[in-house]
Each structure stands twice: as C-alpha cells, then as structure tokens.
Amino acid sequence: MIAEQGALALRAAGALGRIARDRVDEAFGRALPRTPEQLADPQVLDALLARYAPPGSAPLPPVRRARLPGVRFESSNCTNFLIEIDPALPRSFYAKLPPPELATRAFANTLGFWEVEVTFCQRLAARMPIETPRVYAAARRGSRFVLLLENLHDRPGAQLFINRDMAAGTTPERSRRCLETFATLHAAFSDLSAAEREALLPRRLHSHLGPGARARSRAILAASIAPAQRKAPDLLRPEHAELCRLAVAKWDRLVEVWFAEPHTLVHGDSHLGNCFEIASADGPKVGLLDFQGLHWGQGIRDVQYHLTYSLDPKELAECEDALIAHYLAALAGHGVKLDADVTRAQYRALSFQTLVVAVVSLGLGSMIEREETVRTVLRRSVAAIDRLGFAEWLAAL
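Definitions and cut-offs
- Residues numbered from 1 in each chain as written.
- Predicted model: local features only at pLDDT ≥ 70, side-chain atom pairs only at ≥ 80, totals over all residues.
- Heavy atoms only, no water.
- Buried < 20%, exposed > 50% of the residue type's maximum accessible area, 1.4 Å probe, protein only.
- Helix = DSSP H or I, 4+ residues; strand = E, 2+ residues; numbered from the N terminus.
- Pairing = 2+ DSSP bridges.
- Salt bridge = Lys/Arg side-chain N within 4 Å of Asp/Glu carboxyl O.
- Polar contact = N/O pair within 3.5 Å; in protein donor to acceptor, adjacent residues only side chain to side chain.
- Contact = heavy atoms within 4.5 Å.
- Core = buried A, V, L, I, M, F, W, Y, C linked by side-chain atoms within 4.5 Å.
- Axes fitted to C-alpha atoms, helices over the stretch in contact; angles between N-to-C directions.
- Parallel < 35°, antiparallel > 145°, perpendicular 65-115°, else oblique.
- Left-handed = near helix turned anticlockwise from the far one by under 90°.
- Nonpolar A, V, L, I, M, F, W, Y, C, P; charged D, E, K, R; others polar.
- Expected span 1.5 Å × (residues − 1).
- Bend = angle between axes of the 7 residues up to and from the residue.
- Phe/Tyr/Trp six-rings, centres within 6.5 Å; stacked < 30°, edge-to-face > 60°.
- Lys NZ or Arg CZ within 6 Å of the ring centre and 35° of its normal.
- Disulfide = S-S within 2.5 Å.

Chemist: Quick rundown of the pairing of strand 6 (residues 144-150)? Include the residues and the values.
Modeler: Among the 7 residues in strand 6, 7 count as buried, and that is most of the element. By the bridge criterion, 6 bridges tie strand 5 (residues 135-141) to strand 6 in an arrangement that is antiparallel. Opposite arginine 141, over in strand 6, you have arginine 144 as the bridge partner. Counted between consecutive antiparallel strands, the loop separating strand 5 from strand 6 contains 2 residues, among which glycine 142 sits at a positive phi close to 60°.

Chemist: Run through the pattern of salt bridges, naming residues and quoting values.
Modeler: Tallied over the entire structure, the rule returns 30 salt bridges. Between glutamate 84 and arginine 67 there is a salt bridge; the shortest N-O distance is 2.9 Å. Separated by 17 residues along the polypeptide, glutamate 84 in strand 3 (residues 79-86) and arginine 67 in strand 1 (residues 65-67) bring together distant segments of the chain.

Chemist: How would you explain the side chain of histidine 267 if you had to name every residue and give the values?
Modeler: Position of histidine 267 among the secondary structure elements: in the loop between strand 8 (264-266) and strand 9 (275-278). Overall, the relative accessible area of 0% leaves histidine 267 in the buried class. Reaching out from histidine 267, the side chain makes a polar contact with the backbone oxygen of leucine 289 at a distance of 2.8 Å. Sequence-distant contacts of histidine 267, that is, excluding residues within four places in its chain, are made with Leu185, Asn274, Leu288, Leu289, Asp290, Phe291, Gly293, Leu294 and Asp302.

Chemist: How would you summarise the nonpolar core if you had to cite specific residues and measurements?
Modeler: Within soluble globular proteins, side chains that are nonpolar generally end up buried alongside one another. In terms of nonpolar packing, the biggest core is built from 95 residues, with Phe352 and Leu378 touching the most fellow members. Beyond its immediate chain neighbours, meaning those up to four positions away, leucine 378 contacts Ala232, Leu235, Leu236, Leu355, Ala358, Val359 and Leu362.

Chemist: Give a description of the side chain of threonine 119 that names residues and reports values.
Modeler: Within the element layout of this structure, threonine 119 appears in helix 5 (residues 113-124). Not counting residues within four places of it along the chain, the set of residues in contact with threonine 119 comprises Leu124, Leu200, Leu201, Pro202 and Leu205.

Chemist: Which residues make up the environment of proline 211, and what are the values?
Modeler: Inspection of the secondary structure assignment puts proline 211 in the loop between helix 8 (194-200) and helix 9 (213-231). Proline 211 has contacts with Arg204 and Arg216, leaving out every residue within four places of it along the chain.

Chemist: Lay out the packing of helix 12 (residues 300-310) against helix 13 (residues 313-333) in plain terms, naming residues and giving numbers.
Modeler: With their axes 11 Å apart at the nearest point, helix 12 and helix 13 run at an angle of 155° to one another. Considered as vectors, helix 12 and helix 13 are oriented roughly antiparallel to each other. Helix-helix and strand crossings are classified by hand; for helix 12 and helix 13 the assignment is right-handed. Along its contact with helix 12, which presents Ile300, Val303, Leu307 and Thr308, the element helix 13 presents Leu316, Leu323, Ile324 and Tyr327. A breakdown of the residues in the contact of helix 12 with helix 13 according to their chemical character gives 7 nonpolar, 1 polar and no charged.

Chemist: Now, about the packing of helix 7 (residues 172-188) against helix 13: what can you tell me, with residues and values included?
Modeler: In contact at an axis separation of 9 Å, helix 7 and helix 13 are set at 35° when each is read in the N-to-C sense. Helix 7 and helix 13 meet at a crossing whose hand is right-handed. Facing helix 7, whose interface residues are Pro172, Arg176, Leu179, Glu180, Phe182, Ala183, His186 and Ala187, helix 13 presents Glu315, Cys319, Leu323, His326, Tyr327, Ala330 and Leu331. Of the residues contributing to the contact of helix 7 with helix 13, the split by class is 10 nonpolar, 2 polar and 3 charged.

Chemist: Before we move on, could you go through helix 14 (residues 340-364) and cite the residues and values that matter?
Modeler: Here helix 14 spans 37 Å end to end across 25 residues, near enough to the 36 Å set by a 1.5 Å rise per residue. Taking the largest bend as the criterion, helix 14 deviates by roughly 30°, centred on alanine 349. The positive-phi residue at the C-terminal boundary of helix 14 is glycine 365, with phi of around 55°.

Chemist: Tell me what's going on with the packing of aromatic side chains, and back it up with residues and numbers.
Modeler: Pairs of aromatic rings are described using the distance from one ring centre to the other and the angle between the two planes. Under the defined criterion, the tally for this structure stands at 12 aromatic pairs. Seen in terms of ring centroids, tryptophan 258 and phenylalanine 352 are 6.5 Å apart; in terms of plane orientation they differ by 20°. Their pairing is stacked. In this pair, tryptophan 258 is assigned in helix 11 (residues 251-258) and phenylalanine 352 in helix 14, connecting sequence segments 94 residues apart. Taken together through their ring pairs, the aromatic side chains of Trp251, Trp258, Phe352, Phe390 and Trp393 make up a single cluster. Over the ring of tryptophan 296 we find arginine 197, and its NZ or CZ is 5.9 Å from the ring centre.

Chemist: Describe the sheet that holds strand 10 (residues 285-288), listing the residues and the values that go with them.
Modeler: Taking strand neighbours across the sheet as the criterion, the 3 strands line up as 7-9-10 in an open arrangement whose pairing is antiparallel. For this open sheet the edge positions go to strand 7 (158-160) and strand 10, each flanked by a neighbour on one side alone. For this sheet, the mean angle separating the axes of adjacent strands, direction not counted, is 30°. Set on the sheet, helix 7 makes contact with strand 7, strand 9 and strand 10; between it and strand 10 the angle comes to about 60°.

Chemist: Would you mind going over the environment of serine 175 in detail, with residue names and values included?
Modeler: Inspection of the secondary structure assignment puts serine 175 in helix 7. In sequence terms serine 175 and leucine 388 are 213 residues apart; their C-alpha atoms lie 19 Å from each other. Look past the residues within four positions of serine 175 in its chain and what remains in contact with it is Thr170, His306, Leu307 and Leu311.

Chemist: Give me the lowdown on the state of the cysteines, citing residues and values where you can.
Modeler: Scanning all chains against the criterion turns up 0 disulfides. There is no disulfide at cysteine 275, and the cysteine sulfur nearest it, in cysteine 178, is 3.9 Å away.

Chemist: I'd love a proper account of helix 4 (residues 102-111), names of residues and values included.
Modeler: Residues three or four positions apart in an α-helix share a direction because the helix packs 3.6 residues into each turn. Taken across its 10 residues, helix 4 has 7 buried, putting it largely inside the fold. Turning to helix 4, its buried residues are Thr104, Arg105, Ala106, Phe107, Ala108, Asn109 and Thr110. On its buried face, helix 4 sits against helix 1 (2-27), helix 5, helix 9 and helix 14. One or two residues past the end of helix 4 sits glycine 112, with phi positive at roughly 85°.

Remember that the coordinates give geometry; whether it matters functionally is a separate question.
Next up, the structure:
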C-alpha cells in the first residue's frame, strides 16, 4: 500500500506540473482558455470550432460576436456556463472548462476523467443510439480542456435535472424511463470486439483496468476512509469503515468480479442529475449527458448506480427487484438477453461502487459539490449495501 500511495503522489505531482506549465504557456498564447472571459472571444471560438469539431460535423458560420449572459450551471468538478453568439446558429453554447479550484483540477488530472469526456465527444457522441447534447468542439491540451456543447435549454420540451434534483429523489416511473435508455445504450455496444472497443475508448482511460489504475483506485479509497468517517460519523459508522478496509484488502478480487466480461459501454455516473427528458408523441424520452465516468463494463452498473443515488432507500426497497426486471426486459427487447440471477448478483457486488464514490468525494473533499448532496448519496449508498447484504457477500469472496 505504501508503494501504491507513492505512485499516486507522483501522479498527482505530475498533474500539478501540467497545471503550472499551462500557466506559462498561457503567457505565450499556447494554452487553451482558462476562464469564461478568455473563451467568449469570437476569434478563440472560431479557432476551436475549426480545429476541434468532431469528424464529419457540419461547419458553423464564423462567430461575429460572443457574450457571457452570466448564466452558470451547477457542477461537481467543472465550470459550466453559457456563451451567446451571433449569428445565432446555434443561439448559444453550453461551455465546460476546468474550475478555478486548484484541488479539483489536480484531482481531475490525476484520475483523468476529463480526458474520458473529451474522448467521448470526439469519438463516440455521434454514434450514440440515445439523445445526448450535440458536440460542436472538444479540445484537451496539457491540464486543460474545452467543451462547446448544445444548450439543451434551447430544445423545445426539454427538462433538465441537477444534482439537487437527484438528492431530492425521483419517482420509480421516471427511473423506469431512465432504465429503458440505459438498455438502449447497452444493447448498441454489447457485441463489439476488443479492438473495436479500444478504438472508441482506449483501455488506458479505464478507471480500474488502465495502467496502474487498479492500484490507484485502491490507494484513493484507502486514503479516504478515515477523513470521511471523521466528517460523517453518523452516516459512515465503524462497521462500514471496517467494510471499506476489508474491500481494500480484497481489491484485486473485487475488480475481477466487477469487470468480468461481457462488457458494454457504461455511462458510469448515471444518476438523475445526468439525465434529461425530451417530450415526444410517445411520452417523455430520456437522454444522457456528462460522460466523465464512461467505461467498458457490466451494464447493470448503470442501473445500480442510478437507483441507489436517485431514489429514496425506503421507496427503492419496495420496487428494486421490479425495476431490475424492467431493465432486463427492455434489454431483451433489443435482442440482448442476460441471465437474471447472474445480473442480480452483479448488482449486489456493484453496490459497493456507489459507496466508494461517496466516501472518496467526502473524504478527499476534491469536488466542488454541495455538502448536503454528498451526505445524501452517502446515506443512500450505506442503505444499499446494508439492504443487499454486501458485507456478507464480501466476506465470502
């Protein structure tokens, strides 16, 4: 574990070094924009649209004017805001940049999840069988990135959600619609070869299977347990902290179970706040956004993550099995049939991943997230592992 923590520290130092180099490059005009004010410049926007538009996308007319209307959006690790442009094709961009907080930028660069989202925008967005925001430009250089996306608020009939909506809790009916979207996504990428998957989303970006990623994820959890327990002793009780330490000891075996084949494309952060609804003649259709957690894995991971984070534990306990069955039926409707018992066993095993995300977010404090939201997902994650008997499962692993 000491060696793993040392490797993590070296990777974090490398991230800080890239951040420092970008400030030097910025002085010579070589860095990507750092602030909304730097990005909202017609010449900067035109250069990004010309160089970093996804392959095959239709070109936009030159931007004559750009302005910041002062509209910002809630995010746990980015600066998300609107840029209005003229001519209005589109009327505005939904822009994403790294936040000003150094700790968040260092954490994101250490783990690499901004690169995952840029890769999605460049290689996968156009292939999605579900609704996602249109990508106008996606750039990454050094420690920085820029995304220029469709402003979904301009879509007629669109309903967006934020993390506070997720924390407030949704309904089983809305979750069923989300599960249908997950099934559509998972079915579309369920039969790719290893080479095809590698071309779309390289293994080196995988949060657990990439080079050094397994040891890194283990070290991050190990470093998070004690501070998370100090911050929320009422939620992360001693028996849950000990369970986390046992998971660290069995991490290699856990990763093998979590990422056993067959694989499909998994959103990875599939709670309600990363979903949106579009009105249609057949009723609301769910789309997905924010693809920083994208990876190849077991599709039931999106189901487990969504249900645990998005529904009140008492309500979920009453409908959990029916919702899993609904997902399996929707997947079968796309021609992909999974063994129900195996899938439910995977669901149980993966329940610990939602706890890991909550413990790391609270323990390391590296996200610009509302504390009440983090506490809510921690409470729901603890309820999930208790309800599903994860401790007994892990003891027998």
